[in-house]
Amino acid sequence: MKISYHWLKEYLPLELRPDEVAAALTSTGLETGSVEEVQLVRGGLKGLVIGEVLTCTAHPDSDHLHLTTVDVGGGEPLCIVCGAPNVEAGQKVVVAPVGTTLYGSDGGTLTLKRSKIRGRESFGMICAEDEIGLGTDHSGIIVLPADAKVGMPAAQYYGIESDYVLEVDITPNRVDATSHYGVGRDLAAWLTQAGRPAALQRPSVEAFRVDRPAPAIAVEVANRDACLRYSGLTVRGVTVKESPAWLKNRLQAIGLRPINNVVDITNFILHELGQPLHAFDAARIRGGRVVVRTLPEGTKFVTLDGVERTLAGEDLMICDAEEPMCIAGVFGGLDSGVTEQTRDVFLESACFHPAWVRRTARRFGLNTDASFRFERGLDPNQTVYVLKRAALLVNELAGGEITGDIRDVYPEEVKPYPVQLTYRRMNALVGKEIPVETVKRILASLEVEIVAETEEGLSLRVPVYRMDVRREVDVIEEILRIYGYNRVEVGEQLRSTLSYRTPTDRNYQLETLVAEQLCGAGFHEIMNNSLTRLAYYDTLETCPAARAVQLLNPLSADLNAMRQTLLFGGLQSIAYNINHKNRNLRFFESGNCYAFHAEEQRPDEALSGYCEEYRLGLWMCGRSVENSWTQANRDASVYELKACVQHILRRLGIDLRKVSGNMISDDIYASGLRLKAASGRLLGTLGVVDRKLLKGMDIGQEVYYAELSWDALRKEIRNAGVVCSEIAKYPEVKRDLALLLDREILFQSVEKSAFESERKLLKRVELFDVYEGSHLPPDKKSYAVSFYLQDENRTLTDPQIDRIMQKIRTGLEQKLGAQLR
């Protein structure tokens, strides 16, 4: 947050330099990142002086130039050739002598030199507004009032001085410091503790009075849970115009653009006192009534930025008798704001519930100065005071009459929070005994009321605006930050409990084992956010949006749900790499996935229906071999990914013969496999990612994806073990068969049939060729399959081998209808 040094001095007389103020604020917990000098007018009008035109005659060689002599308050008058049509003798003007650098409104600079214009020497310039950065008018020179003092620096005449802006980092709990007055309060407490007490001056509202008792705009709060307090005031007969220089300077110093006097007053008070205000054009409030309520789900509303937004049933709105005018605490409406045609103004000063404002702001992706403060919780007890302050400024700068009493709806008053402070507890936590009088002085400077005092401690009332101070330890922290952390000496003994190992309920040895294996196979590990975009699941039936765990207060529409699958995070990483010309990719990630099953939810258990599963995702795309002198380029394939999955299962001790793969084709996989163990447990899926998903991620190449369940894998290998055995002494025998099969039969069916026919001596089955062509019937295909036989106790004989192969052939013929080619 930006804090103006000169603005801060209006509430607290300071003798500290800006850098000293920054150091003091940092020591109190308001860390100040930078101090920057700001010139409200570029160049600060340096070198410009007030002059008087003594003579003015027409240039003999020009029809529009004038020869002037100008008194600038010292030495001889300057001869200046001037082209302005309005220059006359006797005028008080702004003069730039030779050597002055001008900073124009267009951003350009010009350093004046002695020059000849149409044969006559000119020793300076009589300036227009746009030539010195004071405005945009170039119709003529600036003509000052007759009482302007000749020779006075222009910066002094216009009250131009450099300001210093402090960039203060506000922590989420310190909403009380989101204003100049709030920062001044902390600084005043620090000065008091440092022995340099300075009185904090709060803007007075004693002059407030109602000018006309005529009926004002009425206020009704329909939703009192969301609106803790609502105060409103009507000012009639105002003149909306440009703000005075002092107000524009204050706003520009902290980076705000002045709009008009009424709107600028609301922005000024926001940064002065930390209370958001809103000004409505009273003529546009239908029915003469303001209603604070929610609207039906799906209601359309156009905000101040011209965007039409669809409201939810939980969005609190400021309405008139017929239509919504403003999103409460977040953003104004397009048609209800103050314009130059406005004559009557309704000022709003309210306190909305932080959770309601936060939900709405996150839903629409809006982060305004008002929502920033409302989300953190404001003091409902200051709304009327701030309203009076605003009304006085409107009356001063825009005229008008305060009409009717303040309309104030405050159903339940929020009172200061009682806290008990014990000296023993305080000294134990601080590590040093702080004198009681020092404690009381610090508390008084922080506006904490001491209700009662005993030898053991104090009974306190904490101001409502300190939303974060509710417990004894919070009060102790407040005392310590003003007292000074650096004043607590470090003793000779240090008592600490250190842990060199972070306890966890999960053993990651298996994940590490597999990660090392995958890295050795050329994979790179990625880590994606568990938060994802709900829109990814809108068109999916495998992972429907209705099953997603949604966030109540999402940071943005891109992070509004918990992921149901690791797929989309990996696709985002792939798209990013492809955009950076890296197309050959192998990624893996381990992470949690989340889902909500409404049918499993039970009323007596809040978390029932929600599930969390730890998974392993693998992605592969591009080429496996590229630009190699030893072999030709080769694209990656789903079979390579399948091999990687099989290696993982084998490394974990799972018997691949007990894992079945069922073909799937859904809205995630164009074609794929569902892997199940013999126990029926689903281990995972793998396949070719559907092109529709790839197109939605701007990926123009095939991507192969596998997702395994770590939870299922752990259960599957719970009783499994990797057994070591010596290499067989007797040779392995290989026999090949060429089988003619129906086109829909998969190799896994062949493999399964073979192992069912010979369980003991058949070690493995491999497919080494597939043929589908004109030499075969149209519904047939040919598999060339190798069968490996081995007896670990003796050498197999030909009769044994023939008997086994005959059993295998018979099984294939009977179960699959296979024919030998």
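Everything numeric here is computed off the predicted structure, so don't read it as measured data.

Colleague: What is the right way to read the layout of surface pockets from this model?
Modeller: Remark: the empty space left among the atoms is shown by a probe the size of a water molecule rolled over them. Put simply, the largest pocket is a space of about 2,400 Å³. Taken together, 50 residues line the largest pocket, and the ones lying closest to its centre are Q646, L656, R657, E751 and V765. Going through the elements one at a time, α15 (638-651), β35 (659-664), β36 (669-677), β37 (682-689), α18 (747-757) and β40 (762-771) are the ones with two or more residues in the lining of the largest pocket. Of all the elements, α15 adds the most residues to the lining of the largest pocket, at 8 residues. A breakdown of the residues in the lining of the largest pocket according to their chemical character gives 24 nonpolar, 11 polar and 15 charged. The computed volume of the second largest pocket comes to approximately 810 Å³. What lines the second largest pocket is a set of 30 residues, and nearest its centre among them are V263, T266, N267, H278 and L304. Within the residue set of the lining of the second largest pocket, elements represented by two or more residues are α6 (261-273), β16 (277-281), β21 (324-327), β22 (331-332) and α8 (369-374).

Colleague: Which parts of the structure should I look at to understand the sheet that holds strand β1 (residues 2-4)?
Modeller: Two modes of strand pairing occur in sheets, parallel and antiparallel, and in both the strands are linked by backbone hydrogen bonds. Overall, antiparallel pairing links the 3 strands, which are arranged β1-β13-β2 in an open sheet. Pairing within the sheet leaves two strands with one partner each, and these edge strands are β1 and β2 (32-38). Here the average twist between neighbouring strands, direction ignored, is 25°. Sheet analysis places β1 next to strand β13 (residues 163-168), joined by 3 bridges and oriented antiparallel.

Colleague: Would you mind showing me how to read the pattern of salt bridges here?
Modeller: Proximity of charged atoms lets side chains of opposite charge pair with each other. Counted under the stated rule, the structure contains 53 salt bridges. A salt bridge links D344 to R236, with the nearest nitrogen and oxygen atoms 3.3 Å apart. Taken as a pair, D344 in strand β23 (residues 344-352) and R236 in strand β15 (residues 227-236) lie far apart in primary sequence, 108 residues in all. Between R563 and E589 there is a salt bridge, with its nearest N and O atoms 3.3 Å apart. Pair noted here: R563 is in the loop between β30 (561-562) and α14 (567-579) and E589 is in strand β31 (residues 585-596), with a separation of 26 residues, a long-range link. By the burial criterion, R563 is buried, and E589 matches it. Residues joined in a network through salt bridges with shared partners are R174, D176, D186, R466, D468, E478 and R481.

The rules behind these values
- Residues numbered from 1 in each chain as written.
- Predicted model: local features only at pLDDT ≥ 70, side-chain atom pairs only at ≥ 80, totals over all residues.
- Heavy atoms only, no water.
- 1 Å grid on protein atoms, 1.4 Å probe; cavity = no way out; pocket = protein on both sides within 12 Å on 5 of 7 lines; lining within 4 Å.
- Points joined across faces, edges and corners; volume = space filled by probe spheres on them.
- Helix = DSSP H or I, 4+ residues; strand = E, 2+ residues; numbered from the N terminus.
- Nonpolar A, V, L, I, M, F, W, Y, C, P; charged D, E, K, R; others polar.
- Pairing = 2+ DSSP bridges.
- Axes fitted to C-alpha atoms, helices over the stretch in contact; angles between N-to-C directions.
- Salt bridge = Lys/Arg side-chain N within 4 Å of Asp/Glu carboxyl O.
- Buried < 20%, exposed > 50% of the residue type's maximum accessible area, 1.4 Å probe, protein only.

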